[in-house]
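# A closer look at the structure
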Amino acid sequence: GMAGNSGTISLVGGTFENTGKMLFNQGTINGYGIIRTGGLTNTTGRLISIGGGDMEVFGPITNNGIVNIQSGRTAYFFGNVSGSGAFTGTGTAVLLGNLTPGNPVGFASFGGNAVLTGGTSLAIDLAGTAPGAQYDQLHVAGQLAIGGALSVSLLGGFMPAVGSSFD
């Protein structure tokens, strides 16, 4: 298994098997097929581009870069998803594990559709009343389908006032 990618991994319908090891993407991953890792960290400014077909990602993913899902394509994330990166493109992201936006507080943005399945837990942190800076948000340009559970954590001693709301 590889520890890091600083070049380009091109996947054309096959399987990239990283033998259960953590993979740090400091380059580009593009194509379609199956990615199996012990965890995938897409570092700041780096790209995972899904096109030509659908992609299945097994193992937890921390996205601090960009995951671009092209129009008409779907990316299935079977592990937990976290980070402050963007899911661009007009395709569909299907999350089958937990979603934790931000690092620790921030937002997850989806340029297309986002599907949080029945087994998904959306973990939202609240540390104040400023959106994206003090509490987590989801920004979805397409359609959002939500199943599963909502898990809210209060950070830094923050206690919302009665009647507080968070967009």
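Preceding block: the structure.
Keep in mind it's a predicted model, so treat the numbers as computed, not measured.

Let's shift gears to the overall build of the chain. Secondary structure summary: the chain contains zero helices and 19 strands in total. Compactness check: the chain gives a C-alpha radius of gyration of 16 Å against a globular reference of 15 Å for 167 residues, within 12% of the reference. Taking the principal axes of the C-alpha coordinates as reference, the chain spans close to 55 × 30 × 25 Å. The proportion of buried residues among the 167 residues of the chain is 43%.

When strand β6 (residues 47-58) meets strand β9 (residues 74-77), the two strands line up parallel, connected through three bridges. Residue pairing across strands places Glu56 opposite Tyr76, the latter belonging to β9. In terms of strand pairing, β9 meets strand β12 (residues 92-95) through four bridges, oriented parallel. Across the sheet, the residue bridging to Tyr76 is Val94, located in β12.

A cis geometry characterises the amide bond from Asn103 onward to Pro104, with omega recorded as -5°. With respect to the helices and strands, Pro104 occurs in the loop between β13 (99-101) and β14 (107-110). For Thr19, which is not glycine, the phi dihedral falls at a positive 45°. In this fold, Thr19 is placed in the loop between β2 (8-17) and β3 (22-25).

Take the packing of aromatic side chains next. Evaluation of the coordinates by the stated rule reveals five aromatic pairs. Plain terms: the ring middles of Phe158 and Phe166 are 6.4 Å apart, the flat faces sit at 85° to each other, and that makes the pair edge-to-face. Classification of Phe166 as partly exposed rests on a relative accessible area of 26%. Through a chain of ring-to-ring contacts, the aromatic side chains of Phe77, Phe87 and Phe110 assemble into a single cluster. Above the ring of Phe58, the side-chain terminus of Arg36 is found at 4.5 Å from the ring centroid.

Moving on, we get to the environment of Thr37. Mapped onto the fold, Thr37 is located in the loop between β4 (28-36) and β5 (39-42). Excluding residues within four positions of it along the chain, Thr37 makes contact with Asn18, Gly20, Lys21, Leu23, Phe58 and Gly59. A distance of 2.9 Å separates a polar atom in the side chain of Thr37 from the backbone nitrogen of Gly39.

Tracing the backbone shows Gly72 in the loop between β8 (66-69) and β9. With a relative accessible area of 63%, Gly72 lands in the exposed category.

Moving on to the nonpolar core. Counting residues in each nonpolar core, the largest one holds 30 residues, and the members touching the most others are Phe77 and Phe110. Ranked by residue count, the leading element in this core is β6, at four residues. The residues touching Phe110, leaving out its near neighbours within four places in the chain, are Phe87, Ala93, Leu95, Leu99, Leu138, His139, Val140 and Ala141.

Here we take up the side chain of Asn64. Checked against the element boundaries, Asn64 lands in the loop between β7 (61-63) and β8. Within polar-contact distance, the side chain of Asn64 engages the backbone nitrogen of Ser84 at 3.1 Å.

With that out of the way, let us pick up the pattern of salt bridges. For the structure on display, the rule yields one salt bridge. Here Glu17 ties to Arg36 by a salt bridge, and the two come within 4.0 Å at their closest N and O atoms. Of the two residues, Glu17 is situated in strand β2 and Arg36 in strand β4; the sequence distance between them amounts to 19 residues. By relative accessible area, Glu17 is classed as partly exposed at 45%. Overall, the relative accessible area of 34% leaves Arg36 in the partly exposed class.

Rules of the game
Residues numbered from 1 in each chain as written. Predicted model: local features only at pLDDT ≥ 70, side-chain atom pairs only at ≥ 80, totals over all residues. Heavy atoms only, no water. Helix = DSSP H or I, 4+ residues; strand = E, 2+ residues; numbered from the N terminus. Rg over C-alpha atoms; globule rule 2.2 N^0.38 Å. Buried < 20%, exposed > 50% of the residue type's maximum accessible area, 1.4 Å probe, protein only. Pairing = 2+ DSSP bridges. Phe/Tyr/Trp six-rings, centres within 6.5 Å; stacked < 30°, edge-to-face > 60°. Lys NZ or Arg CZ within 6 Å of the ring centre and 35° of its normal. Contact = heavy atoms within 4.5 Å. Polar contact = N/O pair within 3.5 Å; in protein donor to acceptor, adjacent residues only side chain to side chain. Core = buried A, V, L, I, M, F, W, Y, C linked by side-chain atoms within 4.5 Å. Salt bridge = Lys/Arg side-chain N within 4 Å of Asp/Glu carboxyl O.

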